Amino acid sequence: MEIYLDNCATTKVCPEAVEAAMKAMAEDYGNPSSLHRMGLRAERLLTGTRKAAAALLGCDYGCIYLTGGATDSNNIAIQGAVRARARMGKTVVTTTVEHPSVAETVTALEKGGYTVKRVAPRPDGQFAPEDFLEAVDGDTVLLSMMMVNNELGTILPYEKVVPALKKRFPDLIVHIDGVQGFTKLPFLPEKLGVDLFSFSGHKLYAPKGVGGLYIRKGLRVLPVEYGGGQEKAIRPGTEAVPAIAGMGAALQMVKEHRAAIMQNYRERNGQLRLLLKDIPGAVINSPENGCPHILNFSFPGIPSEVMLHALEERGVYVSSGSACSKGALSGVLKAFHLPDERVRSALRVSFSRETTAEEIDAFAEALREVTGHLSAVVNG
């Protein structure tokens, strides 16, 4: 039996998304920019996906821009917003635990002359809202922060930070990277005061290569690349209609079954936490109040990569951190003030809507066998 527990890296495409993508490839294969009937049919698929995303975000579907994924969305949001406000400020505020698609984009701005302030977690691993309020000033053009940390599941305090900052600095642009939080936590950008919101399809049971960006109505964002004017010239290039159709179907599926999906996340998370208490050496890194689809833990003294491959031999697939880090020691976990020995041995488990109690029991048994064997080897 194969047990896949790396759903933060990517999810299995749901049947509804597969069917929609196949239909788009086989039947509705026109170019959405074409003026004939086939083009119109393809354009309707794009509109359907915008409406599916907008229904989850409580916004007008015209605010949804279709992109190639979250990295695409984050770059457009950050670079496009900052460039549009170049004369209004030269400071960007973010955090020390962002995904590379945000962290590296902000670093590029820093190299170009912007001042970047990076808010860090407190020693207890939690973010304090007042630290964001202190970091932002009248020269700040953009605040970019993630909704949920992709390695620990920590929920950042955006619900307290954004309204407070918007009250003090109404012209501040706020961007939220919602990749790990979208559909898992309630989120209404207009009510909260968020200007830009990024999300990814393949984290939500849709195909890879598609994502979305909410842009507040009336907000000026400059393109970061140029072409045929698609997506109101914000993200030019012929749209990937099959992947987009798949994302629309996946978002609709999640909307219809969200309560059951979230209940499964909570049950599997709680189940694994209890099982880990009975496995010698296990230390849980994720906070109790984190997003329930993620659970990070360590077996200090046993390197993550060794554990990962030992589990893989038993048909179990987990992660040693963000998939984008390709196994490198996590700077994010260090930023959360975890000791080096726990960082070196950290494993991330991320649950799916299909993860079963039997799979978690089998995973825990595999952990017990692997850690017992490896501890004996490490200890000679």
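Provided above is the structure to which this section pertains.
A brief structural summary. (Residues numbered from 1 in each chain as written. Predicted model: local features only at pLDDT ≥ 70, side-chain atom pairs only at ≥ 80, totals over all residues. Heavy atoms only, no water.)

1. Brief notes about the packing of aromatic side chains
Tallying each qualifying case throughout the model produces 9 aromatic pairs. Arranged with centres 4.4 Å apart and planes meeting at 25°, the rings of Phe187 and Phe197 form a pair that is stacked. On the criterion of sequence distance, the pair formed by Phe187 in the loop between strand S6 (173-177) and helix H7 (189-192) and Phe197 in strand S7 (residues 196-200) is long-range, its members being 10 residues apart. Phe197 sits in the buried class, given a relative accessible area of 0%. Linked through ring pairs, Tyr158, Phe182, Phe187, Phe197 and Phe199 together constitute an aromatic cluster. Lying over the aromatic face of Tyr114, Lys90 brings its terminal NZ or CZ to 3.9 Å of the ring centre. (Phe/Tyr/Trp six-rings, centres within 6.5 Å; stacked < 30°, edge-to-face > 60°. Helix = DSSP H or I, 4+ residues; strand = E, 2+ residues; numbered from the N terminus. Buried < 20%, exposed > 50% of the residue type's maximum accessible area, 1.4 Å probe, protein only. Lys NZ or Arg CZ within 6 Å of the ring centre and 35° of its normal.)

2. Thoughts on the side chain of Ser198
Relative to the helices and strands, Ser198 resides in strand S7. Judged by relative accessible area, Ser198 falls into the buried class, the value being 0%. Excluding residues within four positions of it along the chain, Ser198 makes contact with Ser73, Asn74, His175, Ile176, Asp177, Gly178, Val179, Gly212 and Leu213. (Contact = heavy atoms within 4.5 Å.)

3. Thoughts on helix H6 (residues 158-168)
When H6 is considered as a whole, its buried residues turn out to be Tyr158, Val161, Val162, Leu165 and Lys166. Angular distribution of buried residues about the axis of H6 spans 115°; they occupy a single face of the element. Opposite the buried face of H6, by more than 90 degrees, sit the exposed residues Glu159, Lys160 and Lys167. (Arc of directions from axis to C-beta.)

4. Considerations on the sheet that holds strand S12 (residues 346-350)
With antiparallel pairing, 3 strands are arranged side by side in an open sheet as S9-S10-S12. With one partner strand each, in any of the chains shown, strand S9 (283-284) and S12 form the two edges of the open sheet. As paired elements, S9 and strand S10 (residues 294-298) share 2 bridges and run antiparallel to each other. Among the inter-strand pairings, Val283 is bridged to a residue of S10, identified as Ser298. This element, helix H8 (residues 241-276), spans S9, S10 and S12 of the sheet and lies at about 15° to S10. (Pairing = 2+ DSSP bridges. Axes fitted to C-alpha atoms, helices over the stretch in contact; angles between N-to-C directions.)

5. Some points on the nonpolar core
Core analysis: the largest hydrophobic core is formed by 96 residues, its most contacted members being Phe297, Phe363 and Leu367. Broken down by element, the residue count for this core peaks at 15 residues, all from H8. Not counting residues within four places of it along the chain, the set of residues in contact with Phe363 comprises Ile3, Leu5, Leu272, Phe297, Leu311, Val316, Val318 and Val349. Counting residues in each nonpolar core, the second largest holds 21 residues, with Ala81, Val92, Leu109 and Leu219 among its members. (Core = buried A, V, L, I, M, F, W, Y, C linked by side-chain atoms within 4.5 Å.)

6. Notes on the pairing of S10
Each regular strand displays side chains that alternate between the two surfaces of the sheet. Within S10, 5 of the 5 residues are buried, which leaves the element mostly enclosed by the surrounding structure. Of the two faces of S10, both are covered, the one formed by Ile294, Asn296 and Ser298 as well as the one formed by Leu295 and Phe297. For S10 and S12, the ladder comprises 5 bridges, and the chain directions are antiparallel. Bridge pairing in S12 places Ser298 opposite Ala346.

7. A short note on the packing of helix H2 (residues 37-57) against H8
Working note: a packed helix pair is described by the angle between its axes plus the distance between those axes. For the pair H2 and H8, the least separation of the axes is 8 Å and the interaxial angle reads 30°. The chirality of how H2 crosses H8 is left-handed. Contact with H2, carried on its side by Ala42, Leu45, Leu46, Thr49, Ala52, Ala53, Ala55 and Leu56, involves Val241, Ile244, Ala245, Met247, Gly248, Leu251, Lys255 and Arg258 of H8 and no other residues of that element. Grouping the amino acids of the contact of H2 with H8 by side-chain chemistry returns 12 nonpolar, 2 polar and 2 charged. (Left-handed = near helix turned anticlockwise from the far one by under 90°. Nonpolar A, V, L, I, M, F, W, Y, C, P; charged D, E, K, R; others polar.)

8. Looking at unusual backbone geometry
The backbone phi angle of Tyr205 is positive, close to 70°, even though this residue is not glycine. Among the secondary structure elements, Tyr205 is positioned in the loop between S7 and strand S8 (211-215). If you check the backbone angles, Glu231 has positive phi at about 55° while not being a glycine. The topology assignment puts Glu231 in the loop between S8 and H8. For Glu231, a relative accessible area of 6% corresponds to the buried category.

9. With respect to the pattern of salt bridges
Scanning all chains against the criterion turns up 18 salt bridges. A salt bridge links Asp6 to Arg348; the shortest N-O distance between them is 3.3 Å. Here Asp6, found in the loop between strand S1 (3-4) and helix H1 (15-26), pairs with Arg348, found in strand S12; they are 342 residues apart in sequence, far enough to count as distant. Residue classification places Asp6 among the buried residues on the basis of a relative accessible area of 13%. The shortest N-O distance in the salt bridge between Asp28 and Arg41 comes to 2.9 Å. (Salt bridge = Lys/Arg side-chain N within 4 Å of Asp/Glu carboxyl O.)

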